[in-house]
Amino acid sequence: MTQNSYLRNEPNKTNMNVDIETSWKEKLETEFDKSYFKELVAFVKSEYQTTQVYPPGKLIFNAFNLCPFNQVKVVIIGQDPYHGPGQAHGLCFSVQDGVAFPPSLRNIFKEIENDLGISIPKSGNLTRWAQQGVFLLNATLTVQANQAGSHQKKGWEIFTDSVIKLIADEKDHVVFILWGAYAQKKAEMIDKNKHFVLESVHPSPLSASRGFFGNHQFSKTNEFLKIHGIDPINW
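Conventions we followed
- Residues numbered from 1 in each chain as written.
- Predicted model: local features only at pLDDT ≥ 70, side-chain atom pairs only at ≥ 80, totals over all residues.
- Heavy atoms only, no water.
- Buried < 20%, exposed > 50% of the residue type's maximum accessible area, 1.4 Å probe, protein only.
- Helix = DSSP H or I, 4+ residues; strand = E, 2+ residues; numbered from the N terminus.
- Pairing = 2+ DSSP bridges.
- Lys, Arg positive; Asp, Glu negative; His and termini not counted.
- Salt bridge = Lys/Arg side-chain N within 4 Å of Asp/Glu carboxyl O.
- Polar contact = N/O pair within 3.5 Å; in protein donor to acceptor, adjacent residues only side chain to side chain.
- Contact = heavy atoms within 4.5 Å.

Student: How do you make sense of the pairing of strand β7 (residues 175-179) when you look at a structure like this?
Tutor: Working note: regular strand, side chains alternate between the two faces of the sheet. For β7, the buried fraction is high: five of the five residues fall into the buried class. Here β7 shows a buried face lined by V175, I177 and W179 and a second buried face lined by F176 and L178. Relative to β7, strand β4 (residues 74-78) runs parallel, the two sharing four bridges. Paired with V75 across the bridge in β7 is F176. Pairing between β7 and strand β8 (residues 196-200): five bridges, direction parallel. Across the sheet, F176 pairs through a bridge with V197, a residue of β8.

Spelled out as structure tokens, the structure:
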């Protein structure tokens, strides 16, 4: 797979071919054909060709590929991928094996330990959550190295908002975990009569002590899932 083969124009076809898990591809096919998405693809391709961008191209849709649409139980929304070397791999808040925990991720693990008594793991790789149905979605799926927010307002947010709305509209009994003001704005797209929306301050060290620690959202998530006959998450 080449660096840019995850997004490509098929010869003699007008639609985009996006290398993404089958169930998501079927659900999002019309989104991929919209003009904003084609403009986004052109921008992202150019960025990968001319500068250092994270995550690696083949991992842009990692959250989708690890957690098919029908398996989504929990949605956690982040803002940007990490912009340091070796960190981002397409799952919000997660880092690759062997990479030091960013401060927010460390605080997430601290709250899980406080809430559920689960010891802080050795790795910050949250692939195991994704494989259990935790959809770890960043609002913006790419970022230029060392330039936080550099790929915001290029079209990614339109795409990821459509993904959130799709989940909210077509699924039932999903837990949406919204940390911080940015993520909480997404609540307006979610019907709280059929989904469970958990909101708190962000786990960043700047705010975690003002309501993230002690929010017990991980145990609350599992309680909700069990009430609705859904297997809980092994956090």
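Still more to cover.
Student: What is the right way to read the side chain of E47 from this model?
Tutor: Within the secondary structure, E47 sits in helix α2 (residues 35-50). The buried charged residue E47 lacks any salt bridge partner; its closest oppositely charged side chain belongs to K154, at an N-O distance of 7.6 Å. For E47, the side chain forms a polar contact with the side chain of H151, separated by 2.8 Å. The contact partners of E47, leaving out residues within four places of it in the chain, are V53, Q144 and H151.

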